[in-house]
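Examining the three-dimensional arrangement
Residues per chain are reported as follows:
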Amino acid sequence: VCFIPGGLDCSISFVSHVLGKVCVHGWQKEILGVLVPRLTDLTKSDCIWQRICWQLVECVPDRWMEAVVLGFVQRAPGADVLSRLLGNLVVKNKKAQFVVAQKMLLLQYGHTTAVLQNLLGYLALDSSRRPLLLRLLQDLLETWSSSSAVKHSPAEQQLYISKAILICLSHLKEPEIASCRQELLTSMMEGVKCHLESSLPQLRRLGMVVAESISSNINTEGPVLKFEYEEDDETRELKSLLVQTPSFCVVPSLPDDRSETAGAALPLVPERNEKSCTAALVKADEESDAELDSDDDLIPYDMSEDKELKLKAPVYIRDCIEVLTGSRSEDVDKWEATVKALESLVRRNPAATREVSVELAKILLHLEEKTCIEGFVELRQRAQVAVLITDPIPVAKYLTSQFYSLNYSLRQRMDILDVLVLAAQELSCPKFHGKTKHSGVQKPCIQLLPESESSKGWRRIVDERIKSKTRRFDMGQSRVELASCPNEFNSVAGYFFFPLIQHFDRPLTTFDLLGEDHLVLGRLVHTLAVLMYLAVNTVAVTAMGKALLEFVWALRFHTDSYVRQGLLSCISSLLLSVPTERILADMTEELLETQSWLGDVMEKDPDGDCRRLALQNLLLIENLKKKLEAVPS
């Protein structure tokens, strides 16, 4: 550091120009990594150096101001240090104000939580900058409560804005909150509605946490919002931002005798009062003991050999139907036993189940929990899957027709989709048998003949000797032979798939897939992707692929990211399931249009998962082309 003797005036605008040009040309980290720590030390106790530093940043030209301000904010060790280095730059310079209050918070979202705390803490440390903090909070809440922003911005940006809102709230004082209480309340109600309508669980949880925080700050005495959600590391981090530790003071470590300190902080109880309290407790204990002593003459019953009576579950399918449709309250125990045993009973009696399969599927679809039975939802779902597997065609027709019917809740419609997927998975999976091909395996999965201990011993010794004397280049792995049974999903895939894809664009009074019920639309799209993937090597796979491609093309510009992720999964399933020659022969034009759309998604979609899936699909298409080129003509 150079000193100018004689009290002469000097200008540091040249140094400011040099600093700005060096930072904007990519040497920001190198120069500020040395300059910021040095200026931090010099400005601790010297107000002249503070004025020099303020003048240094104020004289930076506007075209280089962003690089300099951003470097100072990122490298300052705390908000108090940043306040000493920048002063009231954001009040005096419009470019710096735009960078700090707009660009770094509303147009960017890659900065760390520490940078956010530095930036917003800097705005809160001076009375001339606090109005800017209040205005910034209103801008953040306007973006957070915008339905368009929630739909079209990535989840990472939503998290970033939520963190900034909570940090701003932690810095506001009661008079400032009172001055904008109504605006905060309006933004909170609009924002929580937009977030709860989202299909992504992360965004819904963000909306709940931020709404709870705003409610607790604006209603310090009255009732506050409270949501039920599962806490994770992200939620705990967000809540911790509401508690601010002053950045300008170091929190001292607790002394070793913290118990003594804690004890000293407690009010001392006079010895006389302590004795009277002790006497009162002893007297109360004696009275309770006297009450207990009065029942000592009663002899307890010996219940050591008692056993809980287990109600026998029905053994016939029709008996189960009678129990599940009955309304008598005294049959609750029998109802529970029926629900628990229904799946195994259906699988053991396929012939009897087929006689009443549709009726049983209808009962299970409308079945509600009468008692607090553990795992009721899973038990009901497994029973539905068992019925659908036992009699696939009529039950699949019934379930797919009910998906678009009136008077069903969204939960029931999503239950139908889950049952169809689980049943399709079970029907399409081949059964594994324990017959192995590898002759060197010592313990096959199923032993057909029992062996004595002696035979096991000598066989093990011989195998070890052979193994030690034999040189093998590749042992390989034991491969379990698949049973040569047909794919049961082959003949019924169309009954699962085509009815679901037919009426998606026909709104009902209580059900609109293309409107507000986009959560169910997302589940439907993902269900179709799974069914398409499971239909590999089936007869109807080409027709299913064509119909699915038309379905995807109609919804490709949907605003919900969860729906778009499902559409891209449908493309992946189609490329993996439909034979390559069928794709290139029957869907050439559609494939070219899809490839162009995937390129746009990969470059422009705000959702990271959508971009990843689009890239994956483009790679699959390239692999298909390479396969075609490799085939000799």
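Before reading on, note that the structure itself is shown above.
Bear in mind that the values here come from a model prediction, so they are computed numbers and not experimental data. (Residues numbered from 1 in each chain as written. Predicted model: local features only at pLDDT ≥ 70, side-chain atom pairs only at ≥ 80, totals over all residues. Heavy atoms only, no water.)

Moving on, we come to the overall build of the chain. A count of helical and extended segments in the chain gives 31 helices and two strands. Buried positions account for 41% of the 633 residues belonging to the chain. Within the chain, residue pairs in contact and separated by at least 24 positions form 74% of the contacts whose partners lie at least 6 positions apart. (Helix = DSSP H or I, 4+ residues; strand = E, 2+ residues; numbered from the N terminus. Buried < 20%, exposed > 50% of the residue type's maximum accessible area, 1.4 Å probe, protein only. Contact = heavy atoms within 4.5 Å.)

What follows deals with the packing of aromatic side chains. Summed over all chains, the structure comprises seven aromatic pairs. Plain terms: the ring middles of Phe403 and Phe511 are 5.8 Å apart, the flat faces sit at 90° to each other, and that makes the pair edge-to-face. Residue Phe403 is located in helix α22 (residues 392-403), and its partner Phe511 is located in the loop between α25 (493-502) and α26 (518-534); the two are separated by 108 residues in the primary sequence. Just as Phe403 is buried, Phe511 falls in that class too. Linked through ring pairs, Phe403, Tyr404 and Phe511 together constitute an aromatic cluster. When the ring centre of Trp64 is taken as origin, the NZ or CZ atom of Arg63, which lies over that ring, is 4.3 Å away. Over the aromatic face of Phe511 sits the side chain of Arg413, whose NZ or CZ is 4.0 Å from the ring centroid. (Phe/Tyr/Trp six-rings, centres within 6.5 Å; stacked < 30°, edge-to-face > 60°. Lys NZ or Arg CZ within 6 Å of the ring centre and 35° of its normal.)

Phe403, Phe489, Phe496, Leu524 and Phe551 are the most contacted members of the largest nonpolar core, which totals 89 residues. The greatest single-element share of this core, amounting to nine residues, is contributed by α26. Ignoring any residue separated from it by four or fewer positions in sequence, one finds Phe403 in contact with Arg413, Ile416, Leu417, Leu500, Phe511, Leu513, Val520 and Leu524. In this structure, Leu19, Ala101, Leu120 and Leu241 belong to the second largest nonpolar core, which totals 79 residues. (Core = buried A, V, L, I, M, F, W, Y, C linked by side-chain atoms within 4.5 Å.)

We now examine the environment of Gly71. By the element assignment, Gly71 lies in helix α3 (residues 62-75). The exposure class of Gly71 is buried, given its relative accessible area of 0%. Between the C-alpha atom of Gly71 and that of Ile31, which follows or precedes it by 40 residues, the distance is 9.6 Å. With near-sequence residues (within four places) excluded, Gly71 lies in contact with Gln28 and Leu32.

The subject of this paragraph is the pattern of salt bridges. This structure, assessed with the given rule, holds 21 salt bridges. Between Glu343 and Arg347 there is a salt bridge, with its nearest N and O atoms 3.3 Å apart. Here Glu343 pairs with Arg347, and both are found in helix α18 (residues 332-348), just four residues apart, close to one helical turn. Judged by its relative accessible area of 35%, Arg347 is partly exposed. (Salt bridge = Lys/Arg side-chain N within 4 Å of Asp/Glu carboxyl O.)

So, about the side chain of Thr353. Following the sequence through the fold, Thr353 ends up in helix α19 (residues 350-355). Assessed through its relative accessible area of 0%, Thr353 is described here as buried. Within the local environment of Thr353, its side chain forms a polar contact with the backbone oxygen of Asn349, the two atoms lying 2.7 Å apart. Not counting the four nearest positions on each side in its chain, Thr353 is found in contact with Ile317, Val346 and Thr390. (Polar contact = N/O pair within 3.5 Å; in protein donor to acceptor, adjacent residues only side chain to side chain.)

Now for a negative patch on the surface. Taken together, Glu550, Glu589, Glu590 and Glu593 make up a surface patch of like negative charges. Per-element tally for the negative patch: the top contributor is helix α30 (residues 588-604), with three residues. Inspection of the secondary structure assignment puts Glu593 in helix α30. According to the relative accessible area criterion, Glu593 is partly exposed, its value standing at 42%. (Patch = residues over 30% accessible without salt bridge, like charges linked within 9 Å, V, L, I, M, F, W, Y side chains within 5 Å. Areas by Shrake-Rupley, 256 points an atom, 1.4 Å probe, with all protein chains shown as cover. Lys, Arg positive; Asp, Glu negative; His and termini not counted. Charge placed at Lys NZ, Arg CZ, Asp CG, Glu CD.)

Glancing now at the packing of helix α17 (residues 317-325) against helix α20 (residues 357-366). As a packed pair, α17 and α20 sit with axes 11 Å apart at the nearest point and diverge in direction by 30°. Accordingly, the angle class assigned to the pair α17 and α20 is roughly parallel. As α17 packs across α20, the resulting crossing turns out to be left-handed. Side by side, α17 and α20 meet where Ile317, Ile321, Leu324 and Thr325 of the first sit next to Glu359, Leu360, Ile363 and Leu364 of the second. For the contact of α17 with α20, the class distribution of residues is six nonpolar, one polar and one charged. (Axes fitted to C-alpha atoms, helices over the stretch in contact; angles between N-to-C directions. Parallel < 35°, antiparallel > 145°, perpendicular 65-115°, else oblique. Left-handed = near helix turned anticlockwise from the far one by under 90°. Nonpolar A, V, L, I, M, F, W, Y, C, P; charged D, E, K, R; others polar.)

In this structure, Asn407 is a non-glycine residue whose phi angle is positive, near 60°. Of note in this structure, Asn537 is not a glycine but carries a positive phi near 65°. Within the element layout of this structure, Asn537 appears in the loop between α26 and α27 (541-555).

It is at 10 Å that the axes of α25 and α26 come closest, and there the two elements cross at 150°. With respect to their mutual orientation, α25 and α26 come out roughly antiparallel. α25 and α26 meet at a crossing whose hand is left-handed. On α26, the residues that touch Phe496, Phe497, Leu500 and Ile501 of α25 are Leu524, Thr527, Leu528 and Leu531. Here the residues of the contact of α25 with α26 are counted per class, giving seven nonpolar, one polar and no charged.

A cluster of nonpolar side chains, Phe14, Val15 and Val18, forms an exposed patch at the surface whose accessible area comes to about 290 Å². Its place among the elements puts Val18 in helix α1 (residues 13-42).

As a further point, take α27. Taking 1.5 Å per residue as the helical rise, α27 with its 15 residues ought to reach 21 Å, and the 21 Å between its terminal C-alpha atoms agrees with that figure. Buried within α27 we find Val541, Thr542, Met544, Gly545, Leu548, Leu549, Phe551, Val552 and Leu555. Tucked inside the fold, the buried residues of α27 contact α25, α26, α28 (561-577), α29 (580-586) and α30. (Expected span 1.5 Å × (residues − 1).)

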